[in-house]
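Examination of the molecular architecture
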Amino acid sequence: MAPVCGVFGVWAPGEEVSKLTYFGLYSLQHRGQESAGIAVSNGRQILVYKDMGLVSQVFDETKLDSLQGHMAVGHARYSTTGASTWQNAQPTFRPSSVGSIALGHNGNIVNTHELRDLVDLLPSPADELEIQRSQGAISTNDTSLLTELLAHHPDTSVEDRAMELLPQIRGAYCLVWMDEDTLYAARDPHGIRPLVLGRLDTGWVVASEDAALATIGASVVREVEPGELLVINSDGLRSRKFAQPERKGCVFEYVYLARPDATIAGRGVHEARVEMGRQLAREFPVEADLVMPVPESGTPAATGYAEESGIPFGQGFVKNSYVGRTFIQPSQTLRQLGIRLKLNALEHMIRGRRIVVVDDSIVRGNTQRAQVRMLREAGALEVHVRISSPPVKWPCFYGIDFATRAELIANGLDVDEIASSIGADSLGYISLEGMVDATRQPMSALCTACFTGSYPVPLPDESQLGKHLLEVSLSAPTLGKALPVLNNP
C-alpha cells in the first residue's frame, strides 16, 4: 500500500519532462520524505531512477539530464504498508513481452490479499521477459501487485486492462502510470485522496495537489473525478468512467496533509484551516495573553483563533526548517528524537503570560507533552491547548500512518485526562461539525473515519491489514513476481 504520497505525471513532447517532474515532486515533498523516483519514456523504452531520501537528495542535474523523453511519472513516498526500503520505492516498473509499465500510487488498498491471488493466477508465457533479481530485492508493497496486473494484457490494451482491473481495487488510490507512449491516471470511486489535472502549452500534467501545477507553470483544468480514468497520448486526452462516484474525500487533507495553498473540491485549504481556528475560539474561549501556533501545522488555525478571540497572535516557538515532520517518521524512537530537534521556545514571548497554543491534531500525545513542558520551562503562567480537529480515535487504512488504536491517546482517555497527561491547564478539540463546516463540504462527501470509526470502504479481517502485511508472507509466490526492476546503479 502506498500512503499519503505525492504522485506526478506529465506528457509534454519537447519539454524537459524529468525536470518538470523533479520540480513537481519538490512541491509535493510534504506528502512523503522517505524515497523519491522518476520514470521517463522516450517512446521506445522506459528508464526509472529512484532512491531513498528527499527529492533534492535523490536527484541532481546529471541524473535528470540522463532521463530523456516526452513523458514522465514521479513519486515521493512515505510508507504505511511495506518497509521504508529501496525495494519499496516508486515508481514501480514491470517489463513484459508486450511493453512496460511504470506506476506511482498514492493511497491505501484494503484488498491486497485478493490482488495477490489475482497475480498468482496470471499465466507465465515462455516468452515473458525475465527480471533479474535476488531474494533480497523483493518489494513488499501492493503497488507492485497493481503494476504486475496492469502489465499483463496479452490480448487487450493497457487502457482496457485498466478498465477491467480498477473496479476490482478497493480502498483509497490515486494512480499515475505509463507505458512507452501513453500516460494514465485514475482515482478511486470515493476520491479519498486528491488528484488534479493541469494543462501546459505543450501537454498535460496530473498531480496530487494543484500547488505542484503552479510550481511548473501549468494551469489547473479540474480535479480528476472519483471513478475516472484519464488516457493521455499523441491523440490527446480522453476520459473514461470505470465506477460511479461516491465522494468521500479525506477531511484530514484539509486539517494537515495538503499544502496550505492547495484547493480541494473547490475549497482553499488555508481558508478552511483559518475558519477551523475561528470555530475553535467560538467553541473553546479562554482568557489569555497570547495565541501562538505550533509551526507550521497550527499557524492558519492559530490565526483564526486570534482573529475571533481578539487575543494577540505571536510566535512562541522557533522551528528548525530542516527537520522533517515528526508525525511522518516511521518509528516511535525517531518521532521522540525529532521533537526536541524541531522546536525551541521563545522565552521573551512566553515568560509571565497565559498562552493559547494551537495545533492541528493530537495522535499519541508525545509531541504536545514535550511542547507544554518547553512552554512551562520558558515561564508560561498557563498553557491552554486548542486542536483544530476532533480526537483521533481510529487508525486510518486509506493512507495515513497514524497508529494502532492502542497507541492513540484519545482512544483510552477523555479530554480532561488527555489535558492532564500532556500537562495543559485546559484542552479543547474542535467539534466534528465545526471542522466539517469549515471545509464547506457536506458531511456525506467526506471521510471522517479516524474521528468516527465509520469507514466508507469496508475493511477485511484484521489479519489482512497492517503495514508489514506482505513482508510476513514472503514465501508467497506472488512476491517473487511483483518486483520493481533494479535499474539504479
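Residues numbered from 1 in each chain as written. Predicted model: local features only at pLDDT ≥ 70, side-chain atom pairs only at ≥ 80, totals over all residues. Heavy atoms only, no water.

1. Re the overall build of the protein
This is how the line gets drawn: Under the scheme used here, helices are H or I runs from DSSP no shorter than 4 residues and strands are E runs no shorter than 2 residues, and both carry numbers assigned from the N terminus. Throughout this description, buried means an accessible area under 20% of the type-specific maximum (1.4 Å probe, protein chains only), exposed means over 50%, and partly exposed covers the range between. The contact rule is simple, with two residues in contact once any of their heavy atoms fall within 4.5 Å. Exposure was quantified through the Shrake-Rupley algorithm and a 1.4 Å probe, taking into account, for residues, occlusion by the shown protein chains and nothing else.
Secondary structure summary: the protein contains 18 helices and 23 strands in total. When the 489 residues of the protein are sorted by exposure, 61% land in the buried category. Within the protein, contacts between residues separated by at least 24 positions form 73% of all contacts whose residues are at least 6 apart in sequence. Total accessible area on the protein stands at roughly 18200 Å², and carbon and sulfur atoms take up 50% of it.

2. Some details on the confidence of the model for the protein
We apply this condition: Each residue gets a pLDDT score, which is the predictor's confidence in that residue and runs from 0 to 100.
For the protein, per-residue confidence averages 87 on the pLDDT scale, and 83% of positions sit at 70 or higher. For the stretch residues 467-489, pLDDT sits under 50, and the model shows 74 contacts to residues farther than four places along the chain or on other chains.

3. Here we look at the sheet that holds strand β4 (residues 71-77)
Rules: In this description, strands pair whenever DSSP reports at least two bridges between them. Between N-to-C directions, angles span 0 to 180 degrees; the directions come from axes that are lines fitted to C-alpha atoms, helices contributing only their stretch in contact.
An order of β3-β2-β4-β1-β10-β9-β11 is seen for the seven strands of this open sheet, with the pairing classed as antiparallel. The outermost strands of the open sheet, each flanked by one partner alone, are β3 (46-52) and β11 (219-223). On average, adjacent strands in this sheet sit at an angle of 15 degrees to one another, irrespective of strand direction. Pairing analysis gives seven bridges linking strand β2 (residues 35-41) to β4, with the strands arranged antiparallel. Paired with I38 across the bridge in β4 is G74.

4. Brief notes about the pattern of salt bridges
Rules: Definition used for salt bridges: Asp or Glu carboxyl oxygen within 4 Å of a side-chain nitrogen of Lys or Arg.
For the coordinates displayed, the defined rule picks out 27 salt bridges. K19 is the partner of E16 in a salt bridge, and the nearest nitrogen-oxygen pair spans 3.4 Å. Overall, E16 belongs to the partly exposed group, its relative accessible area being 48%. By relative accessible area, K19 is classed as buried at 17%. Between R282 and E275 there is a salt bridge; the shortest N-O distance is 2.7 Å. Shared partners join several salt bridges into a network, and the residues in it are E275, R278, R282, E307 and E308.

5. As for empty space enclosed by the protein
Definition in use: Here a cavity is any set of points on a 1 Å grid over the protein atoms alone where a 1.4 Å probe fits but cannot get out, and a pocket is any open set with protein on both sides within 12 Å along at least 5 of 7 lines; a residue lines the site when it has an atom within 4 Å of a point. Grid points are joined across faces, edges and corners, and a volume is the space filled by probe spheres set on the points. Classification used: nonpolar for Ala, Val, Leu, Ile, Met, Phe, Trp, Tyr, Cys and Pro, charged for Asp, Glu, Lys and Arg, polar for all others including Gly.
The tally for this structure, following the rule as stated, stands at three cavities of 30 Å³ or more. Counted as a void, the largest cavity has a volume near 110 Å³. Taken together, 16 residues line the largest cavity, and the ones lying closest to its centre are G191, G249, C250, I264 and A265. Residue assignment for the lining of the largest cavity shows that the elements contributing at least two residues are β14 (249-250) and α8 (251-257). Here the lining of the largest cavity is composed, by residue class, of eight nonpolar, three polar and five charged. In terms of lining residues, the second largest cavity is bounded by I192, R193, C250, V251, F252, C396, Y398, I400, C447, A449 and C450. Of all the elements in the fold, those that place two or more residues in the lining of the second largest cavity are α8 and α17 (449-452).

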